[in-house]
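Examination of the molecular architecture
Residue-level listing of the chains:
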Amino acid sequence: MSQKSRVIIGGTSHIGFSIVNQLKSDQKANTFVSYRNQDKFNEFYEHHDLTGIYIDFNEPFRMNTFDQMEQINEVIICYGEEWFELFHECNGKAIEQYINAYITQFTIMLTEFTRRMIQQKSGKIILIGSIFGEVPASYEAIYSSVKAYQHQLIKSLAKELAPSNVQCSIIAPGVVTGGMTDRLDRETIDVLKSDIPTGQFVTAETIAEWVEFLLNQSDLSHTGQVISLNGGWHIQ
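Report follows, based on the coordinates. A quick note: this is a predicted structure, and the numbers were derived from the prediction, not measured.

**Focus: empty space enclosed by the protein**
Where empty space is left can be seen by rolling a probe of water-molecule size over the atoms. Scanning the model with the defined rule gives 1 cavity of 30 Å³ or more in all. Of the voids in this model, the largest cavity is the one considered here, and its volume is about 60 Å³. If you go around the largest cavity, the residues you meet are Tyr54, Ile55, Asp56, Glu59, Pro60, Phe61, Arg62 and Thr65. Considering only residue class, the lining of the largest cavity consists of 4 nonpolar, 1 polar and 3 charged.

**Focus: helix 6 (residues 204-215)**
Helix length check: helix 6 (12 residues) gives 17 Å between terminal C-alpha atoms against 16 Å at 1.5 Å per residue, within 8%. If you check which residues of helix 6 are buried, you get Ala204, Ile207, Ala208, Val211, Leu214 and Leu215. Within helix 6, the buried residues cover an arc of 120° as seen down the axis, which keeps them to one side. Lining the buried residues of helix 6 we find strand 1 (4-9), helix 1 (14-23), strand 4 (74-77), strand 5 (123-128), strand 6 (166-173) and strand 7 (226-229).

**Overview of the pairing of strand 3 (residues 51-54)**
As paired strands, strand 2 (residues 29-35) and strand 3 are joined by 4 bridges and run parallel to one another. The residue bridging Tyr35 from the neighbouring strand is Tyr54, located in strand 3. As a crossover connection, the stretch from strand 2 through helix 2 (residues 38-45) into strand 3 is right-handed.

**Thoughts on the packing of helix 1 against helix 6**
Where helix 1 contacts helix 6, the two axes come as close as 8 Å, and the packing angle between them is 50°. Taken together, the axes of helix 1 and helix 6 are oblique relative to one another. Along this stretch, helix 1 crosses helix 6, giving a crossing that reads as right-handed. Here helix 1 contributes His14, Ile15, Ser18, Ile19, Gln22 and Leu23 to the contact with helix 6, which in turn contributes Ala204, Glu205, Ile207, Ala208, Glu209, Val211, Glu212 and Leu215. Broken down by class, the residue content of the contact of helix 1 with helix 6 amounts to 8 nonpolar, 3 polar and 3 charged.

**Notes on the packing of aromatic side chains**
Aromatic ring pairs are described here by two measures, namely the spacing of the ring centres and the angle between the planes. Using the criterion set out here, one finds 14 aromatic pairs in the structure. Ring centres 3.9 Å apart and planes at 10° place the aromatic pair Phe57 and Tyr79 in the stacked group. Taken together, the residues Phe57 in the loop between strand 3 and strand 4 and Tyr79 in the loop between strand 4 and helix 3 (92-120) connect sequence positions 22 residues apart. Like Phe57, the residue Tyr79 is buried in the burial classification. Between the aromatic rings of Phe61 and Phe66, the centroid separation amounts to 6.0 Å while the plane-to-plane angle is 35°, which identifies the pairing as tilted. The same class applies to Phe61 as to Phe66, namely buried. Every member of this aromatic cluster is reached through a ring pair, and the members are Phe17, Tyr35, Phe41, Phe44, Tyr45 and Tyr54.

Criteria and thresholds
Residues numbered from 1 in each chain as written. Predicted model: local features only at pLDDT ≥ 70, side-chain atom pairs only at ≥ 80, totals over all residues. Heavy atoms only, no water. 1 Å grid on protein atoms, 1.4 Å probe; cavity = no way out; pocket = protein on both sides within 12 Å on 5 of 7 lines; lining within 4 Å. Points joined across faces, edges and corners; volume = space filled by probe spheres on them. Nonpolar A, V, L, I, M, F, W, Y, C, P; charged D, E, K, R; others polar. Helix = DSSP H or I, 4+ residues; strand = E, 2+ residues; numbered from the N terminus. Expected span 1.5 Å × (residues − 1). Buried < 20%, exposed > 50% of the residue type's maximum accessible area, 1.4 Å probe, protein only. Arc of directions from axis to C-beta. Contact = heavy atoms within 4.5 Å. Pairing = 2+ DSSP bridges. Right-handed = clockwise from strand over helix to strand, strands pointing away. Axes fitted to C-alpha atoms, helices over the stretch in contact; angles between N-to-C directions. Parallel < 35°, antiparallel > 145°, perpendicular 65-115°, else oblique. Left-handed = near helix turned anticlockwise from the far one by under 90°. Phe/Tyr/Trp six-rings, centres within 6.5 Å; stacked < 30°, edge-to-face > 60°.

Below is the structure:
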């Protein structure tokens, strides 16, 4: 029996790196990690047994990107960049580029994944989304709107792909320790934590543990669901 193929989109992000490390002991999967920065990929994964795939979402997605894989069994999508800015001050060209990278190319890429999984009659897609894909965010209107689109697409695909035995899930973290919080001053961090019932931010390691849990589920009972990791900040 051939090994399954696992694709991690955004593997050189803080969250992506944690996911790769969480899953590295799985000997049943060939892992493919997307990157845009070759030096960063080499730094992160010099001692890992995996294959790098260059993808720049500022460019048109190439439909032959994954031709080297006989099958695509698991896809974890964790690429993205937050955008903090007042909506009326956002630059039109920047908006166009952001929407292209995180809506247009995201959607085109998913058509390739879903086509392959429908043919296989199996597959798992996990999106690392955001709390702001479920609730709106002031000062992050563009980011929140894009995440809401991504969430809604994954939920719709969960319905459409369930007859083909394809699971679609969303992990929606709140404030994540690392790249997101490194840009915040101490006062802002204290204010945010005071608004979170647990008083704690989410770690990339916790997100990675939930990814592993979802990948290990064999049935479709949770398909289309959002796993909210936010310390009680937002409860549906």
